[in-house]
Amino acid sequence: MMSLSHPNWTRHSSLPLSAALPKSKSEVLTETNATILYFQETKERIKKMFDKTQLSVSAYDTAWVAMVSSPNSRQAPCFPECVNWLLDNQLSDGSWGLPPHHPSLVKDALSSTLACLLALKRWGLGEQQMTKGLQFIESNFTSINNEEQHTPIGFNIIFPGMIETAIDMNLNLPLRSEDINVMLHNRDLELRRNKLEGREAYLAYVSEGMGKLQDWEMVMKYQRKNGSLFNSPSTTAAALSHLGNAGCFHYINSLVAKFGNAVPTVYPSDKYALLCMIESLERLGIDRHFSKEIRDVLEETYRCWLQGDEEIFSDADTCAMAFRILRVHGYEVSSDPLAQYAEDHFSHSFGGHLKDFSTALELFKASQFVIFPEESGLEKQMSWTNQFLKQEFSNGTTRADRFSKHFSIEVHDTLKFPFHANVERLAHRRNIEHHHVDNTRIFKTSYCFSNISNADFLQLAVEDFNSCQSIHREELKHLERWVVESKLDRLKFARQKMAYCYFSAAGTSFSPELSDARISWAKNTVLTTVVDDFFDIGGSEEELANLVHLLEKWDANGSPHYCSEQVEIIFSALRNTICEIRDKALAWQGRSVTHHVIEIWLDLLKSMLREAEWARNKVVPTLDEYVENGYVSMALGPTVLSTVYLIGPKVSEEVVRSPEFHNLFKLMSTCGRLINDTRTFKREYEDGKLNSVLLHMIHSGSGATEEEAIEKIRGIIADGRRELLGLVLQEKDSVVPRACKDLFWKMVQVLHLFYMDGDGYTSADMMLNAVNALIREPISL
């Protein structure tokens, strides 16, 4: 359901900050209850938004509908209620349009105002309103030539066309004749240019500005099943005035009947608005509070997708967004509809001319999910979006840039952090900080959906983020105490990376109820770091063998034999952590997982021992041998495979022994190993360590250069990453629960972030800002 409204610009005030003086328990309890109540009230308001899409009124489109004459008399309006709306809704400055005017949208206000003046002049009404409107045009006309002003779509054709119509109607415009002539000349150049470039659909979209110059029979080729032209009331009303087409009348008449005395600038757009709403909630990290509502929307969207719904497939933005969101949520949708947006088709299309930058961004996001082998051709066809955005963004030429920095920020973040490198909770923080409550959008005129961007979303997201962060801070303190109590801080050879280890846990599994998963993830990551350093530099041959032996004899009777204090510290911390996972997993799974967790650790230690033997004996394995061992020695198994048991779903022994589960682990770990290698190649080469880049150079029959070897490895990473994402998104014939599969992908995202600009895990400062943003620094509105 959709309704029209002027946007609500009022923000809900923030909750009171804590006072400087200590508070009593009753005061704290009262404030806590107030916070919970406010949180619940905000959630309920948002839930209601799923029931009704709030779309702003368009004075511009309402004016064109108001100009349609009655079929019974050319001297009377067909829709008098729209004429009355124009008379009643002039703004205080004499203009019409979306209030308040953005300072860079004066052209939009001029266009809406002139359209309203034409409608009133058409019916000889509103002399006082017309006088004020003409004064507004006179006062603001210089903005026409201001390059800092945003130019609505089709403005350079439509506005001069309306000027020409005004002259024919003897509307006394306060403009100089030379200015009018320049506009009309530029309009003619624009028309010729678009005709030469074959943008027939675009010229049909701006038909109301062309009048007698338009081939109206050509325009009707673009009529949709609902009777509209491009779902645009203004274009459809203009065609109705010229042709009296029954389908156009049905569309406009049903629109006025639905919305009353004014119309939006685009309709229908419910599906697009609801998909945008889902994306906003997901980008802000609060979608889990609305899982039922989101699922209902997705089910309906999927049903419409299968039926070939025109509202989805006739609009590039809606099609791309629906494809991406449905595929992310596990729905089996074909990528075939995206083929129409390959570069050669898109550049000359209506959509390509109409919404090039925002549409290119949506298509780029969608292209990251064109991942299956049979889609390789389409993936290449969609690669233009990446280069297009980079080029246009670097040139600073995006239309939205001129009136909204927020679009520029979104483009920057999307390019810098593609889906495979976008750690979830960090992305939430960035999106919260850049969230724009005034989500004004532009076609031929400005409009906004209150469902997509509003203060309730922002307030709930801030409260949710800070609430989760306070839990994360306490968990990190607990883990820091654990390091000291376990004496791990006494191991001088080991990197002390607790903050980074916990960051990777909180960045991927941030919900309060997943505390067990975060603690397990962080402790295992700390221990794998310690063990990795022990096998690399800290342990002797005897100590390494002793540690492996201790784990193999886990259930042996008698006191364990430690050949050194280092081995005792490591094994004691390892044993205690495995036992802790055993106890917690029993509560989640209802069965013992100890044997599997020990097996995971043994596989890791043996793979590390093999690499140590290679180094000691100066063995140079083949690249395949290295990768087959290296995906295990990457040490992601204990972290991810143990956490699988603590994330929610019950996971049987059959599932963890399944080929699908093993393939998820192997693909994730291989990506991790190779990502690490491409970033640490130079340092490891100097240290005399094996590395896939070096091995490719050694074993390449053509004597590959360093750059060629790195490029080859990156290709392997990209292929493995696509295969992994395909497994994660696959629902059919999958035995691994989706929440568990997500862990494998989230680890890949963490690794891409850590190694984005070097070795972020080893560097002392590279990840510090990310850690602080996620754990230590609350968000303040």
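Within each chain, residues carry numbers counting from 1 in the order of the written sequence. Residue-level local features of this predicted model are given only where pLDDT is at least 70; pairs of side-chain atoms are given and counted only at 80 or more, and the full residue set underlies all totals for whole chains, interfaces and linings. Each side-chain value is derived from all of the structure's non-hydrogen atoms; neither hydrogens nor water enter the calculation.

Participant: Any details on the overall build of the chain? Residues and values, ideally.
Facilitator: Only runs of H or I of at least four residues qualify as helices and only runs of E of at least two qualify as strands under DSSP, and these elements are numbered from the N terminus. From N to C terminus, the chain includes 36 helices and six strands. A buried classification covers 57% of the 781 residues belonging to the chain. Contacts are assigned to residue pairs with any non-hydrogen atoms lying within 4.5 Å of each other. Here the analysis covers contacts within the chain between residues at least 6 apart in sequence; of these, 73% occur between residues at least 24 apart. Accessible areas in this description were obtained via Shrake-Rupley with a 1.4 Å probe; residue shielding takes into account the shown protein chains only. As displayed, the chain has an accessible area near 33,500 Å², and 51% of this comes from carbon and sulfur atoms. This count recognises Lys and Arg as positive and Asp and Glu as negative, with His and chain-terminal groups excluded. A charged residue contributes its charge at one atom only: NZ of Lys, CZ of Arg, CG of Asp or CD of Glu. Taken together, the 81 basic and 103 acidic charged side chains of the chain have centroids lying 2 Å from each other. Only protein chains enter the accessibility calculation, which uses a 1.4 Å probe; a residue whose area is less than 20% of its type maximum is buried, one above 50% is exposed, and one in between is partly exposed.

Participant: Residues and numbers for the UniProt feature "domain: Terpene synthase metal-binding" (unreviewed entry) in the chain, please.
Facilitator: Taking the numbering used here, the UniProt-annotated feature "domain: Terpene synthase metal-binding" (unreviewed entry) corresponds to residues 487-722. The distance separating the terminal C-alpha atoms of residues 487-722 is 41 Å; by composition the span is 72% helix and 0% strand. UniProt positions are given in the numbering used here, feature names are shortened, and annotations may be inferred rather than shown by experiment.

Participant: Summarise the packing of helix H12 (residues 270-284) against helix H13 (residues 291-306); cite the residues concerned and give the values.
Facilitator: Note on definitions: angles span 0 to 180 degrees between N-to-C directions of axes, and those axes are lines fitted to C-alpha atoms, for helices only across the stretch in contact. The interhelical angle for the contact between H12 and H13, taken along N-to-C directions, is 140°, at an axis separation of 11 Å. Overall, the two elements H12 and H13 adopt an arrangement that is oblique. Between H12 and H13 lies a crossing of left-handed hand. Here Lys271, Leu274, Leu275 and Ile278 of H12 come into contact with H13, specifically with Ile294, Val297, Leu298, Thr301 and Cys304. Three residue categories are used. Nonpolar comprises Ala, Val, Leu, Ile, Met, Phe, Trp, Tyr, Cys and Pro, charged comprises Asp, Glu, Lys and Arg, and polar comprises the others, including Gly. Tallied by class, the residues present in the contact of H12 with H13 amount to seven nonpolar, one polar and one charged. Every angle not falling under 35 degrees, over 145, or within 65 to 115 is termed oblique; those three ranges are roughly parallel, roughly antiparallel and roughly perpendicular. Left-handed is the label given to a crossing in which the near helix is rotated counterclockwise from the far helix by less than a right angle, and right-handed is the label when the rotation is clockwise.

Participant: Describe the side chain of Lys43, with residues and values.
Facilitator: Tracing the sequence through the fold places Lys43 in helix H1 (residues 25-49). If near-sequence neighbours (up to four positions away) are discounted, Lys43 is found in contact with His289, Phe290 and Leu460.

Participant: Give a detailed account of the pairing of strand S4 (residues 73-77), specifying residues and quantitative values.
Facilitator: Here strand S3 (residues 69-70) pairs with S4 via two bridges, running antiparallel. The partner of Ser69 across the bridge, within S4, is Pro77. Between S3 and S4, which pair antiparallel one after the other, the connecting turn spans two residues. For two strands to pair, DSSP has to find at least two bridges joining them.

Participant: Summarise the environment of Cys82; cite the residues concerned and give the values.
Facilitator: In this structure, Cys82 sits in helix H3 (residues 80-88). Taking the C-alpha atoms as reference points, Cys82 and Val263, separated by 181 residues in sequence, lie 8.4 Å from one another. Beyond its immediate sequence surroundings of up to four residues, Cys82 is in contact with Thr62, Val65, Ala66, Val256 and Asn261.

Participant: Lay out the packing of aromatic side chains with the relevant residues and their values.
Facilitator: Any two of the Phe, Tyr and Trp rings considered here, Trp counted by its six-membered ring, make a pair once their centres fall within 6.5 Å; the pair's planes then place it as stacked at under 30 degrees, edge-to-face at over 60, or tilted in between. In total, this model carries 25 aromatic pairs according to the counting rule given. Here the aromatic cluster, defined as three or more aromatic residues joined through ring pairs, consists of Tyr272, Phe443, Tyr447 and Phe449. When the NZ atom of lysine or the CZ atom of arginine is within 6 Å of a ring's centre and also within 35 degrees of its normal, the charge is said to sit over that ring. Cation over ring: Arg122 sits above Trp123, and NZ or CZ is 4.2 Å from the ring centre.

Participant: Kindly report on the packing of helix H28 (residues 594-617) against helix H29 (residues 623-633), identifying the contributing residues and their values.
Facilitator: Where H28 meets H29, the axes come as close as 8 Å, and the angle between the chain directions of the two elements is 135°. With respect to each other, H28 and H29 are oriented oblique. For the crossing formed where H28 meets H29, the hand is left-handed. Counting all contacts with H28, which are made through Asp603, Leu604, Ser607, Met608, Arg610, Glu611 and Trp614, the residues of H29 involved are Glu625, Tyr626, Asn629, Gly630, Val632 and Ser633. For the contact of H28 with H29, the class distribution of residues is five nonpolar, four polar and four charged.

Participant: Explain the environment of Met697 residue by residue, including any values.
Facilitator: Examined against the element boundaries, Met697 turns out to sit in helix H33 (residues 692-699). On the basis of relative accessibility, which here comes to 25%, the residue Met697 falls in the partly exposed class. Taking the C-alpha atoms as reference points, Met697 and His185, 512 residues apart in sequence, are found 63 Å from one another. Not counting the four nearest positions on each side in its chain, Met697 is found in contact with Phe681, Ala704, Thr705, Glu706 and Ala709.

Participant: Help me get a handle on helix H10 (residues 233-243), residues and values and all.
Facilitator: Counting buried positions along H10 yields eight of eleven residues, so the element is predominantly enclosed. All of the buried residues in H10 are Pro233, Ser234, Thr235, Thr236, Ala237, Ala238, Ala239 and Leu240. Against helix H2 (59-66), helix H8 (200-205), helix H9 (216-219) and helix H11 (246-259) lie the buried residues of H10. Positive backbone phi, at 65°, marks Gly244, one or two positions downstream of H10.

Participant: I'd like to hear about the domain arrangement of the chain, residue by residue, with values.
Facilitator: Note that the domain bounds reflect an automated or database-derived domain assignment. In terms of domain boundaries, the chain breaks down into domain 1 (57-254), domain 2 (270-458) and domain 3 (469-776). Once you take the C-alpha centre of each, domain 2 and domain 3 turn out to be 34 Å apart. The interface is formed by 24 residues belonging to domain 2 together with 27 residues belonging to domain 3. Accessible area, probed at 1.4 Å, shrinks when two parts are joined; the buried area is that loss added up over both. Interface of domain 2 and domain 3: buried area, both sides summed, is about 2,200 Å²; carbon and sulfur atoms make up 67% of it. Every case where a carboxyl oxygen of Asp or Glu lies within 4 Å of a side-chain nitrogen of Lys or Arg is listed as a salt bridge. At the junction of domain 2 with domain 3, the criterion picks out two salt bridges. In this structure, the salt-bridge partner of Arg722 is Glu379, at a minimum N-O distance of 3.1 Å. For the purposes of these results, a polar contact is taken to be a pair of N or O atoms within 3.5 Å, where, inside protein, one atom must be able to donate a hydrogen and its partner to accept one; residues adjacent in sequence count only when each atom of the pair is a side-chain atom. At the surface where domain 2 touches domain 3, the tally comes to seven residue pairs in polar contact (both at pLDDT 80 or more). Counting residues per element, the ones that place at least two in the side of domain 2 that touches domain 3 are helix H15 (316-328) and helix H22 (424-433). Ranked by residues supplied to the side of domain 2 that touches domain 3, first place goes to H22 with five residues. A class-by-class count of the residues in the side of domain 2 that touches domain 3 yields nine nonpolar, seven polar and eight charged.

Participant: Kindly report on the nonpolar core, identifying the contributing residues and their values.
Facilitator: Side-chain atoms within 4.5 Å link the members of a nonpolar core, which is a set of buried Ala, Val, Leu, Ile, Met, Phe, Trp, Tyr and Cys residues. Counting residues in hydrophobic clusters, the biggest one holds 255 residues, and the most contacted among them are Phe159, Leu338, Phe503, Phe535, Leu551 and Phe744. The greatest single-element share of this core, amounting to eleven residues, is contributed by helix H4 (residues 106-123). Residues in contact with Leu338, not counting those within four places in the same chain, are Cys319, Ala320, Phe323, Leu363, Ala366, Val370, Leu378 and Met382.

Participant: Quick rundown of the pattern of salt bridges? Include the residues and the values.
Facilitator: Summed over all chains, the structure comprises 45 salt bridges. Across the pair Asp456 and Arg45 runs a salt bridge whose closest N-O atoms are separated by 3.0 Å. One end of the pair, Asp456, is in helix H23 (residues 455-485); the other, Arg45, is in helix H1, and 411 residues separate them in sequence. Residue class for Asp456 comes out buried when judged on its relative accessible area of 6%. Across the pair Arg722 and Asp719 runs a salt bridge whose closest N-O atoms are separated by 2.4 Å. Of the two residues, Arg722 and Asp719 both sit in helix H34 (residues 706-729), three residues apart, roughly one turn of that helix. Residue Arg722 is classed as partly exposed on the basis of its relative accessible area of 25%.

Participant: Quick one: what's the story with the confidence of the model for the chain, residue by residue and with numbers?
Facilitator: Detailed reading of the predicted model is not advised wherever pLDDT is low. Averaged over every residue, the pLDDT of the chain is 90; residues scoring 70 or more account for 92%. Confidence scores per residue from the predictor, reported as pLDDT, run from 0 to 100. Counting interchain partners and residues more than four positions distant, the pLDDT-below-50 stretch residues 6-21 has 27 contacts. pLDDT under 50 marks residues 397-402. Its contacts with residues more than four places away, or in other chains, come to 21 contacts.

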